Amino acid sequence: MIDVDEFATRARGWLAENLPPADPTRDTFFLHAATHPTDEEVLARAATCRELQRRLFDGGFAGICVPPEYGGQGLTPAHQAAFNREIRGYDYPAEIQASTFIPCMAVLLEFGTEEQKLRHIPRMLRGEEIWVQLLSEPGGGSDAAGAVTTATRDGENWVLNGSKVWTTSGWWGDWALCLARTNWDVEKHRGLTVFSVPMSAPGLEIRQVELVNGSKDFCQEFLTDVVVPDTDRIGDVDAGWGVMTRWLYHERTISGGSPYVTGGGNRPNAGPYDIGSLIEAARAFGTLDDSRTRALLGEAQTNVLVLRALVEAVTRKMAGGALPYHAAAMTRLFGGTSNARRAAIATELYGEAGVVWSPDEETAAQVGLGYLTRQAACIGGGTTEMARNVISERLLGMPREQRADTVAFRDVPRGPQAGGSGA
Amino acid sequence: MFTQTADQDLLEATTADYLRVTWTPARIRELSRLDSPFDPALWRRGVDLGWTALLVPADSGGGSVSGNGLADLLAVAYQFGRHAAPGPLIGTNVVAAALARWGTKEQHGGPLAELLDGAATAAWGYAPRTGPRSGNGLRAVSSDDGVALTGTVPLVETGTASGYLLLAAADAQGLRSHYLVPRDAPGVRTSPLRGIDLTRRYQSVTLQDATVSAAARVGEPGSADDHDELLLDLTAVLQAAEIVGTMERAFTTTLQWTHDRYSFGRPLGSYQEIKHRMADLRTQLEASAAVTAKAARHVGEGSPDARLWASTAKAYAGQVGPELIQDCVQLHGGIGVTFEHDLHIYLRRATVNAQLFGTPAAFTDRLVSLTETALGGGK
Ligand SMILES: Cc1cc2nc3c(=O)[nH]c(=O)nc-3n(C[C@H](O)[C@H](O)[C@H](O)COP(=O)(O)OP(=O)(O)OC[C@H]3O[C@@H](n4cnc5c(N)ncnc54)[C@H](O)[C@@H]3O)c2cc1C
């Protein structure tokens with residue numbers, strides 16, 4: 001196996017030749033773009049992501065920790081980490097890391113059949129299949145095991161009915177992992193099954209949902225008699241919760257620590273929150289020398305550095321067995337709350353300019369709109385409250401909450417937003 | 001939340017009824033797509049309810065309902081926050097107060113009367129001394145034709161096309177005085193700004209030898225520095241009241257949600273973690289309302305502690321208001337960050353109020369200086 005330093009050297013040379021530099025003034029990540037990208041712009045960027053992913057593949061840098069038989073490089077997390085250090089400053093397919101590689105590819109690697117892995121993983125690594133997550137439902141996302149979207153067996157097929165929501169990139173994704181209920185008469189965790197579903201499946205209707213910042217990348221799906229062959233089932237029937245726990249684990253590693261993510265999480269740069277950008281803004285405002293400004297800048301940067309150290313430490317300890325994998329909830333919690341705090345800090349630094357700006361002040365607009373959507377960092381990928389539950393109950397072993405959902409799922413109380421009758 | 005007399009109740013109730021039917025959240029979302037969401041006719045009907053009269057004494061054509069006009073106006077501003085209603089409520093009232101206190105008879109008969117009957121709106125072109133929007137200040141040059149004003153004002157709220165701006169400019173001796181400048185005066189150019197509020201719009205103003213008559217001065221020469229501080233007190237209290245309105249709306253919506261929303265077979269509100277959060281938020285709401293009401297009382301009565309309370313109200317409500325609404329967003333989960341949900345309408349209004357005319361941090365700073373002075377050690 002190529003050693004890590006040698007690999008890093010090779011990567012450095014290859015990157016300089018093959019990837020364009022990142023444009024730090026342009027934040028293309030759809031959720032944060034301040035300029036309300038049109039659907040055409042989003043699709044154009046998606047095409048660029050596919051093309052950049054293909055270049056990584058051709059260069060031998062896609063799926064660094066994925067076995068060679070599925071198109072990967074068969075190397076170690078240390079190789080991926082080295083590559084991630086080298087790729088800083090380059091444009092890369094940041095927007096498709098989540099959900100395509102985590103959790104979807106990671107879940108396929110763990111639970112897919114040989115045929116499923118051979119069919120999909122090389123295509124993912126080549127940028128030909130972008131995957132999304134059909135998990136959350138109108139009735140609730142935190143309680144993933146409370147899904148009411150139902151799959152009914154019909155010979156060699158399954159027929160899916162229900163609704164999914166908050167699907168990032170749902171309208172331009174190719175395939176999805178979908179959690180569905182296959183048995184209403186057992187305790188909720190024991191009646192779930194995971195399927196892979198093409199987003200173009202007949203009966204799957206997609207509606208784009210507008211976010212407060214104007215982004216329309218969130219989707220709601222309505223599934224009406226969507227037919228899925230049994231060969232597209234991931235894992236055993238009614239064993240979906242076992243798949244789900246790993247699915248959720250991989251999703252939480254977006255803050256760092258996944259061997260399957262290229263670059264630093266799902267954004268090529270921190271946009272207006274980059275410390276350099278914040279300092280530059282404060283200098284332009286003439287406030288850089290104020291003690292209050294310096295305290296805020298220091299707090300923002302401290303959070304960034306501590307998060308980095310935390311991710312490294314937790315990842316290392318989980319890999320070595322010193323911490324159980326539930327420990328990933330700590331990086332999720334810290335990542336979420338520190339991102340939200342960072343948005344508040346930027347808003348305070350920008351003062352009036354962060355709420356009213358002239359049309360050419362793109363960065364100020366990003367700060368203003370970023371503040372409005374800041375809680376997305378504490379909601380998407382599982383909320384910070386759920387992370388706290390995992391830390392306290394799973395990591396610390398504190399007594400579990402009283403459960404009201406241990407009866408047959410059919411009889412579990414559900415709110416008015418949850419449809420589904422289990423008929 | 002703020003009313004103490006039957007007359008104030010009536011003022012609040014009529015305002016609330018009017019705002020509720022006129023500016024539903026759905027309507028506000030629609031208006032957000034328009035370049036100019038301000039509707040002069042709808043504004044005028046609101047003004048008929050007394051919106052712009054409260055800070056103006058009866059002998060100048062206004063009138064309060066309780067004797068403390070600012071306390072009365074609090075109820076209106078609170079409802080503006082609860083509905084995230086469009087229209088330059090704060091600016092128009094603050095300029096009306098300035099004209100009533102320091103304006104000439106002619107200004108009372110003309111511009112002030114227009115503000116009182118809703119024909120015109122006004123904005124106070126305040127620029128903080130430091131920070132991102134400090135602006136370069138206006139210069140005033142007197143001649144036989146009047147006073148020529150030159151410079152830029154970084155940000156004023158929009159309103160009626162032919163409304164008024166209250167602007168401070170320094171003369172050759174460096175004395176700063178206020179002038180009342182018609183928005184459509186020659187030499188006044190505006191350019192639109194963008195921002196996070198859906199219906200309040202702002203513009204920057206450039207004046208190039210914009211000439212007004214000498215009679216356009218409001219107050220004695222050199223009085224603007226002092227007067228600015230009082231206008232800042234009024235603005236801060238009214239902003240705080242709007243923030244409290246947005247907090248109340250977001251909180252009530254969220255409390256209902258914790259009853260309706262189920263997670264793991266239980267209503268969200270049955271989790272002690274959620275109960276404690278709601279208890280904290282309710283306490284912050286009450287505290288924000290309390291400090292704002294107290295500030296209005298003191299500022300309205302012109303008491304010696306007025307500035308201190310006004311600063312405290314803005315510093316506190318400005319800090320906890322947007323954060324409270326963010327917590328409400330969090331408790332809603334995914335739906336809370338969508339445009340079709342109402343929460344962001346209130347978050348936008350709260351945040352704009354918190355940041356404009358001085359951030360909460362700036363008011364905290366002001367509070368410390370005032371306290372220092374009161375203790376005999378300050379500047
Ligand atoms: C940016 C972003 C991207 C997303 N992408 C996807 C995606 O691609 N695919 C997908 O399926 N979903 C996606 N989601 C949805 C996300 O996973 C859900 O929004 C999230 O899991 C919360 O679910 P919910 O919105 O239904 O809120 P709910 O589960 O209804 O929760 C509402 C509030 O109650 C709290 N809460 C719930 N239960 C408890 C409890 N037991 N104890 C304490 N507090 C509790 C929650 O933390 C939250 O604050 C995304 C969301 C965001 C913001």
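Rules used in this analysis
- Residues numbered from 1 in each chain as written.
- Chains lettered and ligands numbered in written order.
- Predicted model: local features only at pLDDT ≥ 70, side-chain atom pairs only at ≥ 80, totals over all residues.
- Heavy atoms only, no water.
- Helix = DSSP H or I, 4+ residues; strand = E, 2+ residues; numbered from the N terminus.
- Rg over C-alpha atoms; globule rule 2.2 N^0.38 Å.
- Buried < 20%, exposed > 50% of the residue type's maximum accessible area, 1.4 Å probe, protein only.
- Domains from an automatic or database assignment.
- Contact = heavy atoms within 4.5 Å.
- Buried area = accessible area lost by both parts, 1.4 Å probe.
- Salt bridge = Lys/Arg side-chain N within 4 Å of Asp/Glu carboxyl O.
- Polar contact = N/O pair within 3.5 Å; in protein donor to acceptor, adjacent residues only side chain to side chain.
- Near = heavy atom within 4 Å.
- Phe/Tyr/Trp six-rings, centres within 6.5 Å; stacked < 30°, edge-to-face > 60°.
- Nonpolar A, V, L, I, M, F, W, Y, C, P; charged D, E, K, R; others polar.
- Pairing = 2+ DSSP bridges.

## Here we look at the overall build of chain A
Next up, step 1: Along chain A, the regular secondary structure elements total 13 helices and ten strands.
Next up, step 2: Relative to the globule expectation of 22 Å for 423 residues, the C-alpha radius of gyration of chain A, 22 Å, shows essentially globular dimensions.
Next up, step 3: Expressed along its principal axes, the backbone C-alpha trace of chain A runs to roughly 70 × 50 × 45 Å.
Next up, step 4: With 423 residues in all, chain A has 55% of them scored as buried.

## Some details on the domain arrangement of chain A
Residue and element names in this part refer to chain A.
Next up, step 1: Each assigned domain of chain A is listed here: domain 1 (4-96 + 118-128), domain 2 (133-249) and domain 3 (270-395).
Next up, step 2: Taking only C-alpha atoms, the centre of domain 2 and the centre of domain 3 are 31 Å apart.
Next up, step 3: Listed per partner, the contact involves six residues of domain 2 and eight residues of domain 3.
Next up, step 4: Between domain 2 and domain 3 the total buried area reaches about 630 Å² when both faces are included, carbon and sulfur atoms providing 72% of it.
Next up, step 5: Scanning the region where domain 2 abuts domain 3 turns up zero salt bridges.
Next up, step 6: At the junction of domain 2 and domain 3, the tally comes to zero residue pairs in polar contact (both at pLDDT 80 or more).

## Thoughts on the site of the ligand
Next up, step 1: As a structural note, the neighbourhood of the ligand is formed by 29 residues, with Gly 141, Ser 142 and Thr 383 of chain A together with Arg 261 and Gln 330 of chain B the closest of them.
Next up, step 2: The ligand sits at a junction of chains, with neighbouring residues supplied by chains A and B.
Next up, step 3: In this structure, Thr 168 of chain A approaches the ligand through a side-chain N or O atom, which is 2.7 Å from a nitrogen atom.
Next up, step 4: At a separation of 3.4 Å, a nitrogen atom of the ligand approaches a polar side-chain atom of Asn 389 of chain A.
Next up, step 5: Broken down by secondary-structure element, the contributors of at least two residues to the shell around the ligand are β4 (157-168), α12 (376-379) and α13 (384-395) of chain A together with α9 (306-332) of chain B.
Next up, step 6: If one sorts the elements of the shell around the ligand by residue count, β4 of chain A sits on top with four residues.

## Brief notes about the packing of aromatic side chains
Residues and elements named next belong to chain A.
Next up, step 1: Tallied over the full model, the rule gives 18 aromatic pairs over all chains.
Next up, step 2: Consider the rings of Trp 131 and Trp 175, whose centres lie 5.6 Å apart with planes at 15°: the pair is stacked. Taken together, the residues Trp 131 in strand β2 (residues 131-134) and Trp 175 in strand β5 (residues 175-181) connect sequence positions 44 residues apart.
Next up, step 3: Its relative accessible area of 1% is what places Trp 131 among the buried residues.

## A look at the domain arrangement of chain B
Residues and elements named next belong to chain B.
Next up, step 1: Domains assigned within chain B are domain 1 (6-121), domain 2 (123-221) and domain 3 (225-377).
Next up, step 2: Each partner contributes residues to the interface: domain 1 has 28 residues there, and domain 2 has 20 residues.
Next up, step 3: Both faces considered, domain 1 and domain 2 share a buried interface measuring about 1900 Å² in area, 62% of it formed by carbon and sulfur atoms.
Next up, step 4: Inspection of the domain 1/domain 2 interface yields zero salt bridges.
Next up, step 5: Counting every contact that joins domain 1 to domain 2 gives eleven residue pairs in polar contact (both at pLDDT 80 or more).
Next up, step 6: If you tally residues by element for the side of domain 1 that touches domain 2, the top one is helix α5 (residues 89-102), at six residues.
Next up, step 7: Here the side of domain 1 that touches domain 2 is composed, by residue class, of 20 nonpolar, six polar and two charged.

## Concerning the environment of Leu 204 of chain A
Residue and element names in this part refer to chain A.
Next up, step 1: Its place among the elements puts Leu 204 in strand β7 (residues 204-209).
Next up, step 2: When its relative accessible area of 10% is taken as the criterion, Leu 204 is described as buried.
Next up, step 3: Residues Leu 204 and Asp 238, spaced 34 residues apart in sequence, show a C-alpha to C-alpha distance of 23 Å.

## Considerations on the pairing of β5 of chain A
Residue and element names in this part refer to chain A.
Next up, step 1: Buried residues dominate β5, accounting for seven of its seven residues.
Next up, step 2: Alternating positions in β5 separate into two faces, Trp 175, Leu 177, Leu 179 and Arg 181 on one and Ala 176, Cys 178 and Ala 180 on the other, with burial throughout.
Next up, step 3: Note: β2 against β5, four bridges, orientation parallel. Bridging across to β5, Gln 133 finds its partner in Leu 177.
Next up, step 4: For β5 and strand β6 (residues 192-198), the ladder comprises seven bridges, and the chain directions are antiparallel. Counterpart to Ala 176 in the pairing with β6 is Val 197.

## Considerations on the interface of chain B and chain A
Next up, step 1: Each side of the interface is counted separately: chain B has 46 residues, and chain A has 56 residues.
Next up, step 2: Taken together, the connections running from chain B to chain A amount to five salt bridges.
Next up, step 3: Two residues, Arg 374 of chain A and Glu 323 of chain B, come together in a salt bridge whose shortest N-O distance is 2.7 Å.
Next up, step 4: Counting residues per element, the ones that place at least two in the side of chain B that touches chain A are β7 (194-195), α7 (224-260), β10 (262-263), α8 (272-301), α9 and α10 (343-355) of chain B.
Next up, step 5: A total of six residues in the side of chain B that touches chain A trace back to one element, the largest contributor, which is α10 of chain B.
Next up, step 6: Broken down by class, the residue content of the side of chain B that touches chain A amounts to 21 nonpolar, 14 polar and eleven charged.

## Here's the deal with the pattern of salt bridges
Next up, step 1: Taken as a whole and judged by the stated rule, the model has 46 salt bridges over all chains.
Next up, step 2: Notably, a salt bridge pairs Arg 126 of chain A with Glu 128 of chain A, separated by 3.0 Å at the nearest N-O pair.
Next up, step 3: Glu 273 of chain B is the salt-bridge partner of Arg 277 of chain B, the closest N and O atoms lying 2.7 Å from each other. Separated by four residues within a single helix, Arg 277 of chain B and Glu 273 of chain B lie in helix α8, roughly one turn from each other.
Next up, step 4: Given the relative accessible area of 12%, Arg 277 of chain B is considered buried.
Next up, step 5: What emerges from the salt-bridge pattern is a single network uniting Arg 54, Asp 58, Arg 123, Arg 126, Glu 128 and Glu 129 of chain A.

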